[in-house]
Amino acid sequence: MKEDIHILASANIPTGFGDFQMKVFGVDDNEYSPHIALISKELNISNPVLVRVHSECITGDLFWSKRCDCGQQLNESMRRISEEGGVLVYLRQEGRGIGIINKLKAYNLQDNGLDTAEANIALGFPIDQREFNVAIKILNELGITRIKLLTNNPEKVSAMNTTTIDVVTREKIIIPPCSDNLRYLRTKQNEMGHMLDMDVGEKAKV
């Protein structure tokens, strides 16, 4: 993303979790899929701001697929941000950056025995090729410098810590596993280092 990312449009958005202001960010004024910030009405940037950086997941966020915990993480983030004041940064990088087509191909490989990391590698991609520099630019545009980062992913913490953004604390967002996503969550914890507090032998909640 170029350095001249800017706000393309904004509007008030009432939701089931509360009222937000939505701002969309990009380079091209006619951009079809810009990045999004949902900003709580309770935002106070003089204090550390609760921030969730959430990468797009069409299957989980929109259709509530049980193969991942993304939709539940998104809803829990919106609930907390609405109650506590904060910002949800929604990045348009589907499937850890490989897009919806390749994501579905990866699902087919997983159905044949590969885990989520092995499937991406088999398709010729890194395990995770997401980037978070756009989120940092969005926070800069919003004047936010100190955050409470709502994440289980150490890569997001590392990305923020290399910038002027001060991660005052990391706050976990744990979703209980179900039988459909237990292996996926274990792979995120054991191979990608996500801090999910899962016991290796933990039983799924059906």
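Scanning the protein chain for helices and strands turns up eight helices and seven strands. By the compact-globule yardstick of 17 Å for 206 residues, the protein chain fits well, its C-alpha radius of gyration being 17 Å. By residue count, 47% of the 206 residues in the protein chain fall in the buried class. Within the protein chain, contacts between residues separated by at least 24 positions form 58% of all contacts whose residues are at least 6 apart in sequence. Put simply, the protein chain shows about 10,300 Å² of open surface, and 51% of that area lies on carbon and sulfur atoms. One finds the centroid of the 24 positive side-chain charges in the protein chain at a distance of 4 Å from the centroid of its 28 negative side-chain charges.

The next point concerns the sheet that holds strand E5 (residues 86-91). Reading across from one edge, E1-E2-E3-E5-E4-E6-E7 is the order of the seven strands in this open sheet, with mixed pairing throughout. Two strands in the sheet have a free side with no partner beyond their single neighbour: strand E1 (6-15) and strand E7 (166-171). Ignoring which end each strand starts from, the neighbouring axes of this sheet average 25 degrees apart. When strand E6 (residues 146-150) meets E7, the two strands line up parallel, connected through five bridges. Following the sheet pairing, Leu150 is matched in E7 by Glu171. Of the strands in this sheet, strand E2 (18-26), strand E3 (35-40), strand E4 (49-55), E5 and E6 touch helix H6 (residues 133-141), which is tilted by about 145 degrees from E5.

Here we come to unusual backbone geometry. The bulk of non-glycine residues show a negative phi, and the bulk of peptide bonds are trans. At Trp64, a residue that is not glycine, the phi angle is positive and equals roughly 55 degrees. Relative to the helices and strands, Trp64 resides in the loop between helix H1 (58-62) and helix H2 (70-84). Given the relative accessible area of 44%, Trp64 is considered partly exposed. Here Arg96, not a glycine, exhibits a phi torsion of approximately 55 degrees, which is positive. For Arg96, the position within the fold is in helix H3 (residues 94-97). Under the relative-accessibility criterion, Arg96 is labelled buried at 12%.

We now examine the pattern of salt bridges. Counted under the stated rule, the structure contains ten salt bridges. A salt bridge links Asp111 to Arg67; the nearest nitrogen and oxygen atoms lie 3.1 Å apart. One end of the pair, Asp111, is in helix H4 (residues 99-111); the other, Arg67, is in the loop between H1 and H2, with 44 residues separating them in the sequence. With a relative accessible area of 53%, Asp111 lands in the exposed category.

Looking now at the confidence of the model for the protein chain. Per-residue confidence for the protein chain gives a mean pLDDT of 89, with 94% of residues at or over 70. Note on residues 200-206: pLDDT under 50 across the span, and 14 contacts to partners over four residues away in sequence or across chains.

Moving on, we come to the pairing of E2. Put simply, side chains in a regular strand alternate between the two faces of the sheet. Looking at chain direction, E1 and E2 are connected through nine bridges and run antiparallel. Residue pairing across strands places Ser10 opposite Lys23, the latter belonging to E2. Counted between consecutive antiparallel strands, the loop separating E1 from E2 contains two residues. As paired elements, E2 and E3 share six bridges and run antiparallel to each other. Its bridge partner lying in E3, Gln21 is registered against Ile39.

When helix H7 (residues 154-161) is considered as a whole, its buried residues turn out to be Lys156, Val157, Ala159 and Met160. Burial along H7 is one-sided: seen end-on, the buried residues are contained in an arc of 160 degrees. Along its buried surface, H7 packs onto E4, H6, E6 and E7. The N-cap of H7, judged by a side-chain oxygen 2.9 Å from the amide nitrogen of Glu155 a few residues on, is Asn153.

Among the nonpolar cores identified, the biggest contains 25 residues, and Val53, Ile147 and Met160 are the most heavily contacted of them. Listed by contribution, the elements that provide at least two residues to this core are E3, E4, E5, H6, E6 and H7. With five residues, the single largest contributor to this core is H6. Those residues in contact with Ile147 that lie beyond four places of it in its chain are Val49, Val51, Leu139, Met160, Ile165, Asp166, Val167, Val168 and Thr169. Membership of the second largest hydrophobic core comes to twelve residues, among which are Leu38, Leu50, Met78 and Tyr90.

The rules we used
Position numbers for residues count from 1 along each chain, tracking the sequence in the order it is written. Only residues with pLDDT of at least 70 get local features here, since the model is predicted, and only at 80 or more are side-chain atom pairs given and counted; chain-wide, interface and lining totals rely on the full set of residues. For side-chain calculations, the full set of non-hydrogen atoms in the structure is used, while hydrogens and water are omitted. Elements are defined by DSSP. Helices are runs of H or I of four residues or more, strands are runs of E of two residues or more, and each kind is numbered from the N terminus. Each radius of gyration is computed over the set of C-alpha atoms, and the globule rule expresses the reference value as 2.2 Å times the number of residues to the power 0.38. Think of it in three bands: with a 1.4 Å probe and only protein chains considered, a residue is buried below 20% of the maximum accessible area for its type, exposed above 50%, and partly exposed in between. Contacts between residues were defined by any pair of non-hydrogen atoms, one from each residue, lying within 4.5 Å. Only the protein chains shown count as cover for residues, and the accessible areas themselves come from Shrake-Rupley with a 1.4 Å probe. Counted as positive: Lys and Arg. Counted as negative: Asp and Glu. His and the chain ends are not counted at all. Every charge is mapped onto a representative atom, which is NZ of Lys, CZ of Arg, CG of Asp or CD of Glu. The pairing criterion for strands is at least two bridges between them, as found by DSSP. The axes used here are C-alpha line fits, helices contributing only the stretch in contact, and every angle between their N-to-C directions lies in the interval 0 to 180 degrees. One speaks of a salt bridge when a side-chain nitrogen belonging to Lys or Arg is within 4 Å of a carboxyl oxygen belonging to Asp or Glu. Think of pLDDT as the predictor's per-residue confidence, scored from 0 to 100. The arc refers to the directions leading from the helix axis to the C-beta atoms. For the purposes of these results, a polar contact is taken to be a pair of N or O atoms within 3.5 Å, where, inside protein, one atom must be able to donate a hydrogen and its partner to accept one; residues adjacent in sequence count only when each atom of the pair is a side-chain atom. What is meant by a nonpolar core is a set of buried Ala, Val, Leu, Ile, Met, Phe, Trp, Tyr and Cys residues, joined one to another through side-chain atoms within 4.5 Å.

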